[in-house]
Each structure stands twice: as C-alpha cells, then as structure tokens.
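# Survey of secondary and tertiary structure
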Amino acid sequence: MHAHHPLARAAWLVLAAALAACGEHPSPSKVQAPGADKRPGTAVLETGAAMLQDKPPLDALNAYLDGFHFYSGRIDAQMEAHHYCALLNDEVIQCVIFDGNQKSAKLMGVEYIVSERLFRTLPDAEKALWHSHVHEVKSGQLIAPGIPDAAEHALMKKLVGTYGKTFHTWHTDQQKELPLGTPQLMMGFTADGQANPALVDARDRRFEVRSADKRRAREDIAAPAIVPGADAWQQGKALQLADPTAAPQAHAPTPAPASAPR
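Structural notes, computed from the coordinates. (Residues numbered from 1 in each chain as written. Predicted model: local features only at pLDDT ≥ 70, side-chain atom pairs only at ≥ 80, totals over all residues. Heavy atoms only, no water.)

## Brief notes about unusual backbone geometry
Of note in the backbone geometry, Gln-175 takes a positive phi value of approximately 60° without being a glycine. Turning to its location among the elements, Gln-175 is positioned in the loop between strand S6 (163–168) and strand S7 (184–187). Even without glycine at this site, Asp-231 takes up a positive phi of about 55°. Checked against the element boundaries, Asp-231 lands in the segment after helix H9 (211–217). The buried category is assigned to Asp-231, whose relative accessible area is 0%. (Helix = DSSP H or I, 4+ residues; strand = E, 2+ residues; numbered from the N terminus. Buried < 20%, exposed > 50% of the residue type's maximum accessible area, 1.4 Å probe, protein only.)

Rendered as structure tokens:
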C-alpha cells in the first residue's frame, strides 16, 4: 500500500492519534539507577534544554504500544515492554522500548517493525532475527493504551501482518541497575500458553483492560499466514548474542516446543 492511498493515510492518522495516555495507569521502572541526585545546576540546564531545543525525532514518537517480550532461546524469561513508536513511512516503524511509562523509566531497547512485503525481501539468515506479530495482536496481549477502541482496532489491523526485530540493552527484568552486558535478541509469543498469565494479568489490572476482551474484539481481524523464516526459535534456531559477563545459565537456550500452534 502506497503512502498516498486513502487507507494508508488513515493508518497514519490512527498511529498519530495513539498518544501516550499513561498518567492514569502508571507503570514504574523496575530498578533505581545508582548515582547522585540532580544538582540545581543540572536541573536548570535540563529545563533550559527542554524549552529551547527542538527534538524532531522525539516528537515523532507519537504511538504508544504495550506488550511482552522474551529472550530468544529462553521463553521462560519474559517481561513487559513499553514501546514508543514513530512511522518512517507506511511500511517501516521504529520504536524505543522502556521498562515503564514514567519519567524514571529505563531505556530498555529498540524494535524495528516492517511490513510483510519488506520482510519477504530479507535474506534467510536475516529473517531468523525477526518475529511475527499475529499472536500478539489476535491474543489481545498487545494494546495501545489511551486511544478509543475503534482506533486501537484499526491500528492492530495494520500491525497484525508486520514483523519485528528487537534488541534489549538494559536488562532491568534481571534487576540490573545499569545497562550491563551485551544486547540480547528478543522474540514475541506465537501461541496460547506461552506468556506467563500472571504477567499479563498484572498489566491488564494496571491499565484496566482485559486481554480476553481484546481477543474477542479482534476476531474479525484476519490472521495472515506467517512468512517462513520468522520466529526461528520455534524451529530450534534460537539465535542469541553471547554475553561474556553473564552467568553460564543466564541465557542458556530453552528447547523450542516440537510443534507450536499459531
């Protein structure tokens, strides 16, 4: 779909409307970073920069998505991920990921999202780094807090056929108070029974939503077939970056299920 197409323009408007309305549903950071409190001079510099400097790349981060990731090769190591995203065009989205939605949130990583058309053009070795979004959308686990249901539904219809490549750089889920170690490749869930229900329930209570209701509301969204090569961990190809600073068992691959429904 080209950017000038009416549906493409509508999708842009939906994403632009997905502003972070998180003040009523605070999700605090998992850790407190060490360091001295801000001095008065630092606060003055911060205020001056906020008032005087333009920040176009940050202004473009106008869509807020909340979902869940796990370490490639370790489906038991799961965490909530707060995405703040910008559209580069109608087929490429870039997101910064935080461990919360408050000012103290830690920058946890990045995710790049591409359309199915672009994903199909990638080399096979590259595809293994990407995950599908079909289950995240259809299960109701991926939400866009703070926008009307109709707008969220349209946004999810756009995202269901996309693919994401995610690296986390600050592992606050492991209570690391600084961004230690190497970046880690993350994946998304592809079937029921994979996500920790307590993790999802806690998020739902905080945002006053029910993933089960989202699932029912999205039954009319078609689930596209997943392009071969994505979700490589399901085929026993759980790629991961070696971390020389981690304990030997910290990111040991967990065997993929023999058969995972999608």
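## Points about helix H7 (residues 149–159)
Looking only at H7, the buried set comprises Ala-151, Glu-152, Leu-155, Met-156 and Leu-159. Considered in projection along H7, the buried side chains sweep an arc of 135° and stay on one side of the axis. Facing away from the buried side of H7, by more than 90 degrees, are the exposed residues Ala-150 and Lys-157. (Arc of directions from axis to C-beta.)

## Considerations on the pairing of S6
Here S6 lies mainly inside the structure; five of its six residues are buried. Two elements, strand S4 (residues 107–114) and S6, share six bridges in a ladder whose sense is antiparallel. The residue bridging Glu-111 from the neighbouring strand is Thr-166, located in S6. Relative to S6, strand S5 (residues 131–132) runs antiparallel, the two being bridged by two bridges. Paired with His-131 across the strands is Gly-164, a residue of S6. In this sheet, S7 lies alongside S6 in antiparallel orientation, the contact comprising three bridges. Bridge pairing in S7 links Thr-166 to Met-186. (Pairing = 2+ DSSP bridges.)

## Considerations on the packing of aromatic side chains
Each aromatic ring pair is summarised here by two numbers: the centre-to-centre distance and the angle between the ring planes. Tallied over the full model, the rule gives six aromatic pairs. Between Tyr-84 and Phe-98, the aromatic rings sit 5.8 Å apart at their centres with planes inclined by 80°, giving edge-to-face as the arrangement. Of this pair, Tyr-84 sits in strand S2 (residues 74–89) while Phe-98 sits in strand S3 (residues 92–98), and the two are 14 residues apart along the sequence. Seen from their ring centres, Phe-119 and Tyr-163 are 4.1 Å apart, and the 5° between their planes marks the pair as stacked. Pair noted here: Phe-119 is in helix H4 (residues 116–120) and Tyr-163 is in strand S6, with a separation of 44 residues, a long-range link. Like Tyr-163, Phe-119 is buried. Three or more aromatic residues joined by ring pairs make a cluster, and in this case those are Tyr-64, Tyr-84 and Phe-98. (Phe/Tyr/Trp six-rings, centres within 6.5 Å; stacked < 30°, edge-to-face > 60°.)

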